[in-house]
Structure formats: structure tokens, C-alpha cells
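Okay, here's what each chain looks like letter by letter:
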Amino acid sequence: MLDIKNIYKNFGDLKVLKGVSTHVEKGEVISLIGVSGSGKSTLLRCMNLLETPTFGEVWMEGKLLTPVDPYLHFDVIRASKTYARLTAEGLTDEEAIEKIKKNDLLHEKHGAEGKEYVRLMKQIYAENHLDANLARQKMGMVFQQFNLFNNKTVLGNITLAPVKIGIARMKAAKRAGKPVTETKESIQAAAEKKAMELLKRIGLEDKAGSYPSSLSGGQKQRIAIIRALAMDPDVMLFDEPTSALDPEMVGEVLDLIKELAKSGMTMVVVTHEMGFAREVSDRVLFVDEGYIKEEGSPEEIFKNPKDAHLKDFLSKVL
Amino acid sequence: MGSTFFSNIIKLISRYGHVFLLEGVVYTLLLSLIAVAGGSVLGSLFALAKRSKFIPLRAVVSAIVEIVRGTPMLLQLYAGVFIFPQIVPALKELPDIVSVIIVLIINSGAYVSEVIRSGIQAVDIGQTEAARSLGLSARTTMMSVVLPQAVKNILPALGNEFITVIKETSLASTFYVGELMTSYLKVKGNTFLTLETLTIVGVLYFVLTFTLSKLLQAAERKMKHA
């Protein structure tokens, strides 16, 4: 479903991710654990391109989400004659790639190979690229700080994206000359009906007309979760969903996430709740110093950790 | 002296009331309204330009805003009425009041652009991230989520800008354009009653700005509940 290939992320001089690759299978529940500042939230935010990776690729169901920068494709660089020439001159793999990137050697201005290379990149882009906005419609995200829209009611929060995107799709279909049976009103009505069903599911249908400022943290977060579900996502990303909650509200939010996991939703969860990670995850990734230092089943990670930092981390949090 | 002062004021009001109210106050309000309305439009354009990816546009607009904010209003009025017409002869055809209005709009636009920019910036980045994470475009996010919240931050500051402009239009009296301070010059010229005339004009300015700021406070209180 999601393929993360060799992701690097720098914020200025700060190197947060230093080459992370992983994949997310359909129906899989993955937990990202690690100390604060290890890069686990950044990794999650790179998955739906809220952060654009400095290098590397994010693929979703065979479609490329990251911008196509020639120099992100190490394999293609290695296949070039320029690379062959440089390595023949005695440069190592890393030095050769570095030199090509730095001097922009695979550019149109550097002759036939540059031209061919740029053509190839354009082709990769045309065949594989998926607009990040479209991709995000299929990737729900839940934030630590809830981020409900303050200017909208609970119902407005849940229906905003389905309505706006529904109307945009309808207009696009009309422009393309396809038969359209929907109207703005029918889209709005369908979105509201669905929103009310979702609210009923979490027992908050009486809050439909309330503004976020009148809700408790636990209520806000559960509404943020169903707001994402209203888009029928294929995968849900959770960024420390319970870290900003009062202790007595953590349970209700975790219960909803567990219920989602049981229903077969594909999920990636950044969490500090080790009990939760152990209970619901199919796979646990330990992120440390910008790398995935260890990954495995909850059993392996929690009972038999190998990495020294992971052992140290677990001894502190368990 | 006390009794002549008050009887003079009453005389002035009965004789020149129309000059103060119909000319002075109306012109002052009109000038301020045009300046703030035009300034809001121009300020929005400035604010958009400042967020543009096209660097020359950003630089030019930033320069205009900084120059306007860094020089006195009176100097800008002189530039608009006397200096620019020297450089661009076509501007000589413009009546003074039009030049004054243009300067007021540009001046107000520079301040309003800062108000809008900071209003947008004050909206939590999490709001934008949540909207984008749902797949909404940058444009829809701005129109449906960020701007409606920014307006709440912007409106009170825009009201204050209106109050400031009301007071600043007094500088336009240098060019005798008919606003409240011009009424002072006119009436004083006819009657030689400086203190009394100034008192009337001062009270009128105060009533205008005080009423407005109270209205603003009420509006702000109402918006807090929404």
C-alpha cells in the first residue's frame, strides 16, 4: 500500500531522517516508537507529504507521490555513463553520486546523456506521479493537537472535505462531458448523513451543532478521527493521538483506535503508549537518530530487543 | 472670559454648524472610508504579493510598504500633491483631493497589508495541516479554513486603522480639501476665534473616534462568542 524508499529529511542543518525505507501492507497496523526527537513524527508526516522529503520516494499503490527530482533516483544515476566514467576514474559509489548531484552533471546542458536522462525523468513522472492532494484524500491523519477547524461546527468539520472534494469531482466530471446525477445539495446531504452515522458510532450525535471550543479533549480527538474516516481513507496515520489528552480521556480514544484496527483498517501509529503498541500492532518500528534501528513483531521488540538504544528506551518506558 | 467663550461657541455653532458638520465631518468620514476601503483592497493585494513565489514582486511590494511605514504621512502627501506631478506631468491635471485620496489609500494599504499578513500568520498552522491532510487544495484551505479565522484577528485591527486614518486625514487640510481641519481654517479665518473653533473641531474628532472605538469593542465581544 505504502512504500517508503530511502527517505532523508533535513530541516536546515538538522538531519532528522537519514535514509529510512519501509513498507506498509494493506490491513497492517504499524507502531512507530522511539524517544522524542528521534524522527518518528517526521517519518509519519513524510508519508502523506505534509513534510516533503529532502531525498527519497514515497509510493502509494504503485504511484509516486514525491516530486520527481532526477537526483533522487540513485539507481538511474548508477546506470548513467557519467557515473561509469567517474567510477572508472577511481571515485567510490558515494563520491560519484555526490559529484553528479553537486555539479548537476545529468542536465540537458551536459550533452546527449543529460537530455536522455531528463526525458526519462519526465517519463517516470508522467507514468507514475500522483498528485499529493489526491493521495491525501486516501490517507487520513490524526494529530496530537486534534486540529479541529475552530470556525466550523462538529458537523461542518466532518463534512468540509467530503463536500468540497465531492463538488470539485462533480465539476471535473461535468467538464469532461460525463453524465452527472449529483448536485451540490445531494453531495451535501450525503456527507451530512454519513457524518451523523459516524457521530452515532462514537455516541456524540448530540454534539453535531457544537463548536470545538465547547468539547473535551477526548471528544475532540474522537471527532478528529471520524473526520478523517469520512473521506473513506485506505490508510490512517496517527501522530501521538493521546499525548495531549488528560489521563482519564486516553482510554476512550485508544478504544476507538483499537476498534478501527480490528475492523481491518491499515494504520501507522506514532505512540508513547507501549501497552497499546504491543496489543494492536502487527509490526513495531523503533526509530532512533533518524534511522529505523530495529523492527519486528511486538513479541520480538518488547520481549527480545537487540539494539542497545532500544533496550535502554524500553527499560525507561515499560 | 468664561461666559464669552461659551457664548462664542454657541454663536459659531449656529452660524457655521453646516461648515463643521456637513462639510468637515462628512468629508473626514468620506475620506477615511475611501482610504480604508481602498486600503483594504490594496492591502490584500500587497499581502498576497508578499506571499508570492515571484521574488521581484515580493521585493517591490516590501519596499513600498517599508517606505510608506517609515516616512511621515505629511511628507507622503507633499510627494503626492507637489513632487510626483513635477516628475509625471499628466498628474498635474488631477485635483488636489484626488491626489490626497490616492496617497491616503496607498498609506492605508501599507498598514492594512501588515494587519492581514499577521492575521493570517496568527492562525494555528495545525489548521492548515489538518485541511491539507484531508486532501483539500491550498486554495480551498485558505478560503474555507484559514481566512475565516484570520478575519476574526483582522477586523478589530482594521477598525483601529479606520480610527487612525480619521485622525490622519487632518493632515490633508494642508491642501484645503474640505475635511474637518479645513473647516477649522475656514471658520477661524472668518471670525478670528481660534480657541473656540479648535475646541469645536476637537470635540467632533473625539466624538467620531470614541463612538467608533466603542462600536468596535461591542463587535469584538460579539465575535468572541461566535
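Residues numbered from 1 in each chain as written. Chains lettered and ligands numbered in written order. Predicted model: local features only at pLDDT ≥ 70, side-chain atom pairs only at ≥ 80, totals over all residues. Heavy atoms only, no water.

Q: I tried to follow the overall build of chain A on my own but got confused; where do I start?
A: Within chain A one finds 13 helices and 10 strands. Relative to its full complement of 318 residues, chain A shows a buried share of 52%. As displayed, chain A offers around 15,000 Å² of accessible surface, 50% of which is attributable to carbon and sulfur atoms. Chain A carries 45 positive and 46 negative side-chain charges, and their two centres are separated by 5 Å. (Helix = DSSP H or I, 4+ residues; strand = E, 2+ residues; numbered from the N terminus. Buried < 20%, exposed > 50% of the residue type's maximum accessible area, 1.4 Å probe, protein only. Areas by Shrake-Rupley, 256 points an atom, 1.4 Å probe, with all protein chains shown as cover. Lys, Arg positive; Asp, Glu negative; His and termini not counted. Charge placed at Lys NZ, Arg CZ, Asp CG, Glu CD.)

Q: What is the right way to look at a nonpolar patch on the surface in this model?
A: On the surface, Leu74, Tyr78, Phe82, Ile83, Phe84, Ile87 and Val88 of chain B cluster together to form a nonpolar patch covering roughly 630 Å² of accessible area. Judged by its relative accessible area of 35%, tyrosine 78 of chain B falls in the partly exposed class. (Patch = residues over 30% accessible without salt bridge, like charges linked within 9 Å, V, L, I, M, F, W, Y side chains within 5 Å. Salt bridge = Lys/Arg side-chain N within 4 Å of Asp/Glu carboxyl O.)

Q: Is there a simple way to think about the sheet that holds strand β4 (residues 55-60) of chain A in this case?
A: Sheet strands pair by backbone hydrogen bonding; their relative direction is either parallel or antiparallel. Residue and element names in this part refer to chain A. Spatial strand order, β2-β1-β4-β5: four strands in an open sheet with antiparallel pairing. In this open sheet, the two strands that pair with only one neighbour each are β2 (14-24) and β5 (63-64). In this sheet, β4 lies alongside strand β1 (residues 2-11) in antiparallel orientation, the contact comprising five bridges. Looking across to β4, one finds that lysine 5 is bridged to glutamate 57. (Pairing = 2+ DSSP bridges.)

Q: Sorry, what's going on with the packing of aromatic side chains here?
A: Describing an aromatic ring pair means giving the distance of the ring centres and the angle of the ring planes. Using the criterion set out here, one finds seven aromatic pairs over all chains in the structure. Where tyrosine 8 of chain A meets phenylalanine 55 of chain A, the ring centres are 6.1 Å apart and the plane angle is 80 degrees; that geometry is what we call edge-to-face. Residue tyrosine 8 of chain A is found in strand β1, and its partner phenylalanine 55 of chain A is found in strand β4; the two are separated by 47 residues along the sequence. With 5.6 Å between their ring centres and 45 degrees between their planes, tyrosine 78 of chain B and phenylalanine 82 of chain B make a pair best called tilted. Of this pair, tyrosine 78 of chain B and phenylalanine 82 of chain B both sit in helix α3 (residues 73-87), four residues apart, which is roughly one turn of that helix. (Phe/Tyr/Trp six-rings, centres within 6.5 Å; stacked < 30°, edge-to-face > 60°.)

Q: So what exactly am I meant to see when it comes to the layout of surface pockets here?
A: Residue and element names in this part refer to chain B. Considering only enclosed or pocket space, the largest pocket measures out at about 620 Å³ in volume. Lining the largest pocket are 25 residues; nearest its centre among them are Arg51, Ile120, Ala138, Met142 and Val146. Where the lining of the largest pocket is concerned, the elements lending two or more residues are α1 (2-51), α4 (96-121), α5 (125-133) and α6 (138-168). For the lining of the largest pocket, the leading source of residues is α6, giving nine residues. In the lining of the largest pocket, the residues fall into 16 nonpolar, four polar and five charged. (1 Å grid on protein atoms, 1.4 Å probe; cavity = no way out; pocket = protein on both sides within 12 Å on 5 of 7 lines; lining within 4 Å. Points joined across faces, edges and corners; volume = space filled by probe spheres on them. Nonpolar A, V, L, I, M, F, W, Y, C, P; charged D, E, K, R; others polar.)

Q: For this particular structure, what's the right way to read the pairing of β4 of chain A?
A: Along a regular strand, successive side chains alternate from one face of the sheet to the other. All names here are of chain A. Extensive coverage of β4 is indicated by the burial of five of its six residues. Judged from the two bridges that link them, β4 and β5 form a sheet pairing that is antiparallel. Pairing of methionine 60 across the sheet is with lysine 63, part of β5. Between β4 and β5, which follow one another and run antiparallel, lie two residues, and glutamate 61 among them has a positive phi close to 45 degrees.

Q: Help me understand the sheet that holds strand β10 (residues 291-296) of chain A in this model?
A: All names here are of chain A. Pairing within the open sheet is mixed, and its six strands lie in the order β6-β7-β8-β3-β9-β10. The two strands at the open ends of the sheet, each matched to only one other strand, are β6 (139-142) and β10. Across the sheet, the axes of successive neighbouring strands diverge by a mean angle of 20 degrees, strand direction being ignored. Of the strand pairs in this sheet, strand β7 (residues 235-239) and strand β8 (residues 266-270) are connected by five bridges, and their pairing is parallel. In the sheet register, methionine 236 faces β8, and the bridge partner there is methionine 267. Here helix α13 (residues 308-317) sits on the sheet and contacts β3 (29-33), β9 (283-288) and β10; the angle it forms with β9, its principal contact strand, is near 105 degrees. (Axes fitted to C-alpha atoms, helices over the stretch in contact; angles between N-to-C directions. Contact = heavy atoms within 4.5 Å.)

Q: For this particular structure, what's the right way to read the pairing of β10 of chain A?
A: All names here are of chain A. The pairing of β9 with β10 spans five bridges and is antiparallel. Residue pairing for β10: aspartate 288 is matched across the bridge by tyrosine 291. Between β9 and β10, which pair antiparallel and follow one another directly, the connecting turn spans two residues, one of which, glutamate 289, has a positive phi of 55 degrees.

Q: I keep staring at the side chain of glutamate 294 of chain A and nothing clicks. Help me out?
A: All names here are of chain A. The residue glutamate 294 is located in strand β10 in this model. Despite being buried, glutamate 294 has no salt bridge partner; lysine 306 is the closest side chain of opposite charge, sitting 4.4 Å away. Within the structure, the side chain of glutamate 294 is placed 3.2 Å from the backbone nitrogen of lysine 306, a separation counted as a polar contact. Discounting residues that sit within four places of it in the chain, glutamate 294 has contacts with Val284, Leu285, Phe286, Ile301, Asn304, Pro305, Lys306, Asp307 and Leu310. (Polar contact = N/O pair within 3.5 Å; in protein donor to acceptor, adjacent residues only side chain to side chain.)

Q: So what exactly am I meant to see when it comes to the packing of helix α7 (residues 154-175) of chain A against helix α8 (residues 184-201) of chain A here?
A: For any two helices packed against each other, the geometry is given by the interaxial angle and the distance between the axes. Residue and element names in this part refer to chain A. Here α7 crosses α8 at 145 degrees, and the two axes come no closer than 9 Å. Crossing angle aside, the handedness with which α7 passes α8 is right-handed. Where α7 abuts α8, its residues Val154, Leu155, Ile158, Thr159, Pro162, Val163, Gly166, Ile167, Met170 and Lys171 lie against Lys184, Ile187, Gln188, Ala191, Glu192, Ala195, Met196 and Leu199. Each residue belonging to the contact of α7 with α8 can be placed in one class, and the counts come to 12 nonpolar, three polar and three charged. (Left-handed = near helix turned anticlockwise from the far one by under 90°.)

Q: Help me out: how do you make sense of the nonpolar core in this one?
A: Note that soluble globular proteins tend to have their nonpolar side chains buried in a common cluster. Residue and element names in this part refer to chain A. Within the largest apolar cluster, 41 residues are counted, with the highest numbers of intra-cluster contacts made by Leu2, Leu32, Leu43, Leu44, Met47, Met139 and Leu237. Non-local contacts of leucine 2, meaning those with residues more than four positions away in its chain, are made with Thr22, His23, Val24, Met47, Val58, Trp59, Met60 and Met139. Membership of the second largest hydrophobic core comes to 37 residues, among which are Phe146, Ala195, Ala224 and Phe276. (Core = buried A, V, L, I, M, F, W, Y, C linked by side-chain atoms within 4.5 Å.)

Q: Just checking my understanding: could you explain the interface of chain A and chain B for this structure?
A: Interfaces are often sized by the accessible area lost when the parts come together. Facing 22 residues of chain A, the contacting portion of chain B comprises 17 residues. Between chain A and chain B the total buried area reaches about 1,600 Å² when both faces are included, carbon and sulfur atoms providing 58% of it. Linking chain A with chain B are one salt bridge, by the criterion used here. Taking the shortest distance from any N to any O, the salt bridge between glutamate 129 of chain B and arginine 45 of chain A comes out at 2.6 Å. Across the chain A-chain B interface, the total number found is eight residue pairs in polar contact (both at pLDDT 80 or more). Looking at the side of chain A that touches chain B, the elements with two or more residues in it are α6 (132-137), β6, α7 and α9 (217-229) of chain A. (Buried area = accessible area lost by both parts, 1.4 Å probe.)

Q: Can you help me understand the environment of arginine 45 of chain A in this one?
A: Within the element layout of this structure, arginine 45 of chain A appears in helix α1 (residues 40-47). Here arginine 45 of chain A falls in the buried class, since its relative accessible area comes to 13%. Separated by 192 residues in sequence, arginine 45 of chain A and leucine 237 of chain A place their C-alpha atoms 8.5 Å apart. Discounting residues that sit within four places of it in the chain, arginine 45 of chain A has contacts with Leu50, Glu51, Met141, Phe143 and Asp239 of chain A together with Glu129 of chain B.

Shape descriptors only; they carry no functional weight alone.
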